[in-house]
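# Summary of the model geometry
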Amino acid sequence: MPSVSSFNWEQGCWSNPSESKPEIVLCVAGDWAPIRQFKPIIETAPAAVYGDLLSEIQSADLSIVNLEAPLSDRGAPAAKSGSVFKGEEKHIAGLTAVPFDVATLANNHVFDFGLDAFQDSLALLRKNHIRYTGAGLSEEDAARPLVMEIKGLQIGIVNFSEGEDLTAAKDGHPGVMGWDLGAVTQTIKTLKKSVDFVLAIGHCGIEYIPFPPPYVADAFKQAADAGADAVIGHHPHVPQGLSFHNNVPICHSLGNFVFYQETALKYRKLGYMVKIGIRKEALVSLELVPYRIGEKGLTALADSEAVEFFRKLKEISLPLEDPERFEATWHGFLHLTGANGFLEEITMILGKLKEDPQKGAAMFRNRLTTLQHYHHWKDLMTRIVDGTLEASPGWARELTREWLYTEVSSL
């Protein structure tokens, strides 16, 4: 069965020696948005943005991507903590050029331009035969898993997120499937009784760091215990490690995909797709497909670049299997950001409150209501109070520093 020790870190793959070739292969990709440098490419030559990854995606029997922006020709930007993104209806060509089979919608940008733009996006996906899950016009709609039959196998997908900026569907209002782990795990348990393979996809965590926060790692383990056969995460915009929980593979963050960030920082320009091979009630293979993100699109890593990527991925994966070392990864992040980082963030938000009260209030509200900020601030303050903040191991701080600050030129 799969484990960190049986994973081939030189080639980024695992296969079950007791099973024959998979009956179907799923391909899961991360965040997709027709923004910045990728916007004109998607408008003029949509298939080109995928570069040599296109054939990798097309070779799968089911391809899944996280749609990180509404696709609509109307709507006004929401008042929210972070950036707002929106594509236009014509940008659907970027998805149909593959074509992707499924779009996950439980993320923090799908409602960036309001309900009309969200509804336009749903209609556009339906019109172009792209299935979706993770958000809806009611809590029931948002929480409904997607079930598809592929070559006689029933595949179920459960998609959830933190519901940042109070976007979780609740009390009859539209939204995403939010961070109700009881509901998420019950959905997985129920779904497992009627399908051959359950894929859980979560959009959550703290951006840009190499390790998931403890609350995310715990949630992904709960999804595995509930019956998920694989668990995939995105949102941090950098690649994070791979672990196995009771033989269930967990990829904590795929990193950016078709999501261009104007930065020279190395790990925001790297990501990986996951290809999952399955037979009825059996995981047969797992393959990670790493790539580089450039101004003209994506390029698969090859040879020495791929070897180095998997070496670093192994380095950030091994601590996930050891409770003491995993706790140290979170401690290292808290130590590195420290009280000064907290003070700078508070000062910035207070300044924004004076300059733009609506934006500042949205930022402060998000810090109070979203788990990533709650756990960061709570655990940081606790370690300051008990005097342990500056006692983190150096290796944990340095890996976090590397992920946050290393530039592409250092490759």
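Residues numbered from 1 in each chain as written. Predicted model: local features only at pLDDT ≥ 70, side-chain atom pairs only at ≥ 80, totals over all residues. Heavy atoms only, no water.

## With respect to the overall build of the protein chain
For the protein chain, the helix and strand inventory stands at 12 helices and 17 strands. Compactness check: the protein chain gives a C-alpha radius of gyration of 20 Å against a globular reference of 22 Å for 411 residues, within 12% of the reference. Taking the principal axes of the C-alpha coordinates as reference, the protein chain spans close to 55 × 50 × 45 Å. Going through the 411 residues of the protein chain one by one, you find that 57% of them count as buried. Between the centroid of the 38 positive side chains of the protein chain and the centroid of its 52 negative side chains there is a distance of 2 Å. (Helix = DSSP H or I, 4+ residues; strand = E, 2+ residues; numbered from the N terminus. Rg over C-alpha atoms; globule rule 2.2 N^0.38 Å. Buried < 20%, exposed > 50% of the residue type's maximum accessible area, 1.4 Å probe, protein only. Lys, Arg positive; Asp, Glu negative; His and termini not counted. Charge placed at Lys NZ, Arg CZ, Asp CG, Glu CD.)

## Examining the packing of aromatic side chains
One pass over the structure, following the stated rule, counts 16 aromatic pairs. A centroid spacing of 5.4 Å and a plane angle of 85 degrees characterise the contact between Phe85 and Phe259, whose relative ring orientation is edge-to-face. You can see Phe85 sitting in the loop between β3 (62–67) and α3 (93–96) and its partner Phe259 sitting in the loop between β14 (256–258) and β15 (270–279), a full 174 residues away along the chain. With centroids separated by 6.3 Å and ring planes inclined at 85 degrees, the aromatic side chains of Phe100 and Phe257 adopt a geometry described as edge-to-face. Within this pair, whereas Phe100 is found in the loop between α3 and β4 (102–104), its partner Phe257 is found in strand β14, the two being separated by 157 residues in sequence. Accessibility classification places Phe100 together with Phe257 in one group, the buried group. Each residue in the set Tyr50, Phe100, Phe257 and Tyr291 is aromatic and connected to the rest through ring pairs, giving one cluster. The cationic tip of Lys269 hangs over the ring face of Tyr260; the distance from NZ or CZ to the ring centre is 3.8 Å. (Phe/Tyr/Trp six-rings, centres within 6.5 Å; stacked < 30°, edge-to-face > 60°. Lys NZ or Arg CZ within 6 Å of the ring centre and 35° of its normal.)

## Considerations on the environment of His335
By the element assignment, His335 lies in helix α9 (residues 323–355). Side-chain polar atoms of His335 contact the side chain of Ser392, separated by 2.7 Å. A polar contact of 3.4 Å, which involves the side chain of His335, links it to the side chain of Arg397. (Polar contact = N/O pair within 3.5 Å; in protein donor to acceptor, adjacent residues only side chain to side chain.)

## Examining the sheet that holds strand β7 (residues 146–150)
Think of a sheet as strands paired side by side through backbone hydrogen bonds, with each pair either parallel or antiparallel. Strand order in this open sheet of six strands is β7-β8-β10-β11-β13-β12, and the pairing throughout is mixed. The open sheet terminates on both sides in strands that have one partner only, identified here as β7 and β12 (242–245). Each strand of the sheet is rotated relative to its neighbour by a mean of 20 degrees, with strand direction disregarded. (Pairing = 2+ DSSP bridges. Axes fitted to C-alpha atoms, helices over the stretch in contact; angles between N-to-C directions.)

## Here's the deal with the side chain of Asn256
Looking at the element boundaries, Asn256 is found in strand β14. Polar contacts involving the side chain of Asn256 include one to the main-chain carbonyl oxygen of Arg268, which spans 3.1 Å. With residues up to four places along the chain from it excluded, the contact list for Asn256 reads Asp31, His237, Val238, Gln261, Arg268, Leu270, Gly271, Tyr291 and Ile293. (Contact = heavy atoms within 4.5 Å.)

## Details of unusual backbone geometry
The amide bond that connects Val98 to the next residue, Pro99, takes the cis arrangement and shows omega of -10 degrees. Relative to the assigned elements, Pro99 resides in the loop between α3 and β4. Here the phi dihedral of Asn246 falls at roughly 50 degrees; this positive angle occurs in a residue that is not glycine. With respect to the secondary-structure elements, Asn246 resides in the loop between β12 and β13 (248–251).

## So, the packing of helix α8 (residues 303–317) against helix α12 (residues 394–405)
Taken N-terminus to C-terminus, the directions of α8 and α12 make an angle of 135 degrees; their axes are 11 Å apart at the nearest point. Of the possible angle classes, the one that applies to α8 and α12 is oblique. As for how α8 packs across α12, the hand of that crossing is left-handed. Across from Lys312, Glu315 and Ile316 in α8, the residues of α12 making contact are Leu399, Glu402 and Trp403. A class-by-class count of the residues in the contact of α8 with α12 yields three nonpolar, no polar and three charged. (Parallel < 35°, antiparallel > 145°, perpendicular 65-115°, else oblique. Left-handed = near helix turned anticlockwise from the far one by under 90°. Nonpolar A, V, L, I, M, F, W, Y, C, P; charged D, E, K, R; others polar.)

## Remarks on the environment of His331
You can see His331 is positioned in helix α9. By relative accessible area, which is 8% here, His331 ends up buried. For His331, the residues in contact, after removing those within four places along its chain, are Arg383, Thr388, Leu389, Ala391 and Ser392. A polar atom in the side chain of His331 sits 3.0 Å from the backbone oxygen of Leu389.

## Points about the nonpolar core
Formed by 56 residues in total, the largest nonpolar core has its most connected members in Ile155, Phe197, Leu199, Val274, Ile276 and Leu288. Among all residues touching Leu199, those that are not within four sequence positions of it are Val28, Ile64, Gly156, Ile157, Val158, Ala230, Ile232 and Ile276. Of all hydrophobic cores here, the second largest spans 39 residues; its members include Trp32, Tyr50, Ile92 and Leu125. (Core = buried A, V, L, I, M, F, W, Y, C linked by side-chain atoms within 4.5 Å.)

## Some remarks on the pairing of β13
Neither face of β13 is left uncovered, since the one carrying Val248 and Ile250 and the one carrying Pro249 and Cys251 both have all their residues buried. Pairing analysis gives two bridges linking strand β11 (residues 230–234) to β13, with the strands arranged parallel. Bridging across to β13, Val231 finds its partner in Ile250. Sheet analysis places β12 next to β13, joined by four bridges and oriented antiparallel. Counted as the bridge partner of Phe244 is Pro249 from β13.

## Focus: the side chain of His203
The residue His203 is located in strand β10 (residues 197–203) in this model. At 3.0 Å, the side chain of His203 forms a polar contact with the side chain of Asn108. Reaching out from His203, the side chain makes a polar contact with the side chain of His235 at a distance of 3.2 Å. Each residue touching His203, except ones within four places of it in the same chain, is listed here: Asp31, Asn66, Glu68, Ala106, Asn107, Asn108, Phe160, Ser161, Glu162, His234 and His235.

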